[in-house]
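Residues per chain, in single letters:
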Amino acid sequence: MTTLAQTHHDRPVVRDADDISALVNAGPRAGSHARMVVALALGGVFLDAYDLTTLSWGISDVQTHFGLSAFQTGLVAAALNAGTIVGSLAGGWLTDRIGRYAVFMADMVCFVIAALVAGAAPTAGILIAARFAMGFGVGMDLPVAMAFLSEFSRLEGRGSKAAHAAAWCPTWYAASSACFVIVFALSYVLPAGHPDWLWRASLAFGAVPALVIIAVRGRYMSESPVWIARRGDLQRAADILRRSYGINPVVRAMPGQAPVVMQADPWRLARRPLLQRGLMVVSMTLISSMSYNIIIFGLPTLLVSIMHASPVQVVVISIILNLAVAFPGGLLGVRLTRSVRSRPIILAGYLMQVAGIGALALTGMPHGTTGIIVALAGFAAFLFAQGFGPGCQLMVYPTLSYPTELRGLGIGIARLVSGIGGTLILLSFPWMNIHLGPALFWVVLAAPLAGVVIAFFSRWDVFGYDPDMDPALRQQVPPVRRNTVPDTSDLLFSTDIRN
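Treat the numbers as computed from the prediction; the structure is a model and nothing was measured. (Residues numbered from 1 in each chain as written. Predicted model: local features only at pLDDT ≥ 70, side-chain atom pairs only at ≥ 80, totals over all residues. Heavy atoms only, no water.)

1. Concerning the overall build of the protein chain
Of regular secondary structure, the protein chain possesses 21 helices and four strands. Within the protein chain, buried positions represent 59% of all 499 residues. In the protein chain, of all internal contacts separated by at least 6 residues, the share reaching a separation of at least 24 is 85%. (Helix = DSSP H or I, 4+ residues; strand = E, 2+ residues; numbered from the N terminus. Buried < 20%, exposed > 50% of the residue type's maximum accessible area, 1.4 Å probe, protein only. Contact = heavy atoms within 4.5 Å.)

Laid out in structure tokens, this is it:
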């Protein structure tokens, strides 16, 4: 455990970027803004999930309104995921290059504009473009949100980096549930003679939480102190800790030693040990994305086609599955990440998903009450397992596998792969639903089976790990040192704040 030595004025001393990381790992002081920063970052995740969910129930109304073919309907459905492909790579790279705060605010503005344009889209082409822009915002947001969650959190215990990263999952399900609740409420308010008003209103509503985040950003949000420190600006990092973390450090560089600037060299991701970690992360991300997109996006359609549910029943069942099953699963996942190693959690999640999808595949078109119960249990098992297993851990792994200067790009690449998998699935889902029907569950079953194999044979675990303090990663590429040395003549004698 890291021990923070103090000056005789009871102020921690900062000599380099590792000292900033040690202070963050020890946790914020009472009354700091760190929790609010975490809440705002999770607010971005809420928007991501809301935007992805909005058309999962209304895609048939969009198809009818614009007279779309199955392929065109697939384009509308897949546009958001396609946008995440570009946004994830751009957002991840920019997050590491220009900082977390600037990218976070840029994607909030993108959310507002895209949501309003999508809600008012006069043609399918404009709707597709707006959904693509939404996806671009989602792609930009997840790397920066995860970076904020990691870089404003302690290393261990309640409120740890892993727990906050895992919290993206219950936040996601809460947003999905909120989307269905809003749809359910609007369906009773808006006139039945204008079915397009319902999906338009739900799309446009996505601008509201983004505007709220923009409105309060100035008081609570700031740049990541860890990112700033690893860019060589210790004084500014200390100022951020003082303002947002409740810690008042003294900056004192070692005599004759210039500030260290860690290189954001993307080629480090292609070398050991980051390469092996990246391959594991993207493999699990891809297979989970493919199965999750079919289940969650296709849930309303599947409920209608295999269970002949009415529109009201579809919304009610979706709300129940999200709030009563998936959301508690996500909360369990957050709790487990604080005290249990990551690999057993993700392996257990994939095994439960195999059981859930297997039940759906064996049931096929359910007949009678027993068949319907088994089918619903299959959906519930998949979503609960996604909540505590792959759903939580697939953000914990990339967030804690990469050092700060490569965290955004590492997460961005993982989300890019997720976007590719989701786009391919959503493009093909209308065709598979028509031609395969319930038999498509046999295809989906291959995804969690592959996850079981990967989780079983992999040995990488991120429990209690901080890549910024890992000597193996520090030695991989020599750091760059600035030519200027800050004036420390007026600072007090320092002692080490690390072990």
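Resuming the write-up.
2. What to know about the confidence of the model for the protein chain
Per-residue confidence for the protein chain gives a mean pLDDT of 80; residues scoring 70 or more make up 88%. Within the protein chain, the lowest mean pLDDT, 52, falls on strand S4 (residues 480–481), and the highest, 91, falls on helix H15 (residues 342–363). This stretch, residues 482–499, has a pLDDT under 50; its non-local contacts, to residues over four places away or in other chains, come to 53 contacts. (pLDDT = per-residue confidence, 0-100.)

3. So, the pattern of salt bridges
A complete count under the given rule lists nine salt bridges for this structure. The shortest N-O distance in the salt bridge between Glu405 and Arg230 comes to 2.7 Å. With Glu405 in helix H18 (residues 404–435) and Arg230 in helix H11 (residues 225–230), this pair connects stretches of sequence that are 175 residues apart. Across the pair, exposure class does not vary: Glu405 and Arg230 are buried alike. Here Asp468 and Arg230 are joined by a salt bridge, their closest N and O atoms 3.6 Å apart. Of this pair, Asp468 sits in the loop between helix H20 (446–457) and helix H21 (471–474) while Arg230 sits in helix H11, placing them 238 residues apart in sequence. For the pair Asp468 and Arg230, a shared accessibility class is recorded, and that class is buried. (Salt bridge = Lys/Arg side-chain N within 4 Å of Asp/Glu carboxyl O.)

4. Some thoughts on unusual backbone geometry
The step from Arg272 to Pro273 runs through a cis peptide bond, and the omega angle for that step is 0°. Note that Pro273 resides in the loop between strand S3 (260–261) and helix H13 (274–307).

5. Points about the nonpolar core
By size, the foremost hydrophobic cluster in this structure holds 138 residues, and its most contacted members are Met108, Leu127 and Leu383. Looking at this core, the element that brings in the most residues is helix H6 (residues 124–151), giving twelve residues. The residues touching Leu127, leaving out its near neighbours within four places in the chain, are Val62, Phe66, Val76, Ala118, Ala121, Trp199 and Leu203. (Core = buried A, V, L, I, M, F, W, Y, C linked by side-chain atoms within 4.5 Å.)

6. Notes on the side chain of Ser418
With respect to the helices and strands, the residue Ser418 is situated in helix H18. The exposure class assigned to Ser418 is buried, which follows from its relative accessible area of 9%.

7. Examining the environment of Ser283
Inspection of the secondary structure puts Ser283 in helix H13. In the structure, Ser283 is positioned 171 residues away from Ile454 in sequence and 8.0 Å away in space, judged by C-alpha atoms. A distance of 2.7 Å separates the side chain of Ser283 from the backbone oxygen of Leu279, its partner in a polar contact. (Polar contact = N/O pair within 3.5 Å; in protein donor to acceptor, adjacent residues only side chain to side chain.)

8. Considering the packing of helix H5 (residues 100–119) against helix H9 (residues 195–204)
The geometry of H5 relative to H9 is characterised by a closest axis approach of 7 Å and an angle of 170° between their N-to-C directions. The pairing of H5 with H9 is recorded here as roughly antiparallel in orientation. Contact residues: Ala115, Leu116, Ala118 and Gly119 in H5; Trp199, Arg200, Leu203 and Ala204 in H9. Partitioned by chemical class, the residues of the contact of H5 with H9 number six nonpolar, one polar and one charged. (Axes fitted to C-alpha atoms, helices over the stretch in contact; angles between N-to-C directions. Parallel < 35°, antiparallel > 145°, perpendicular 65-115°, else oblique. Nonpolar A, V, L, I, M, F, W, Y, C, P; charged D, E, K, R; others polar.)

9. Looking at a nonpolar patch on the surface
Together, Tyr188, Val189, Val312, Val316 and Ile320 give the surface a local cluster of nonpolar side chains, amounting to about 490 Å² of exposed area. Looking at the nonpolar patch element by element, the count peaks at three residues for helix H14 (residues 311–337). Inspection of the secondary structure assignment puts Tyr188 in helix H8 (residues 168–189). Overall, the relative accessible area of 59% leaves Tyr188 in the exposed class. (Patch = residues over 30% accessible without salt bridge, like charges linked within 9 Å, V, L, I, M, F, W, Y side chains within 5 Å. Areas by Shrake-Rupley, 256 points an atom, 1.4 Å probe, with all protein chains shown as cover.)

10. Brief notes about the packing of aromatic side chains
Enumeration according to the criterion identifies ten aromatic pairs in this entry. Measuring from centroid to centroid gives 5.2 Å for Trp168 and Trp172, while their planes differ by 70°, and the two rings are edge-to-face. Separated by four residues within a single helix, Trp168 and Trp172 lie in helix H8, roughly one turn from each other. For the pair shown, Trp168 and Trp172 are each scored as buried. Residues Trp460 and Tyr465 carry aromatic rings whose centres are separated by 5.2 Å and whose planes lie at 85° to one another, so their mutual orientation is edge-to-face. Each member of the aromatic cluster is reached from another via a ring pair, and the members are Phe104, Phe148, Phe152 and Tyr245. (Phe/Tyr/Trp six-rings, centres within 6.5 Å; stacked < 30°, edge-to-face > 60°.)

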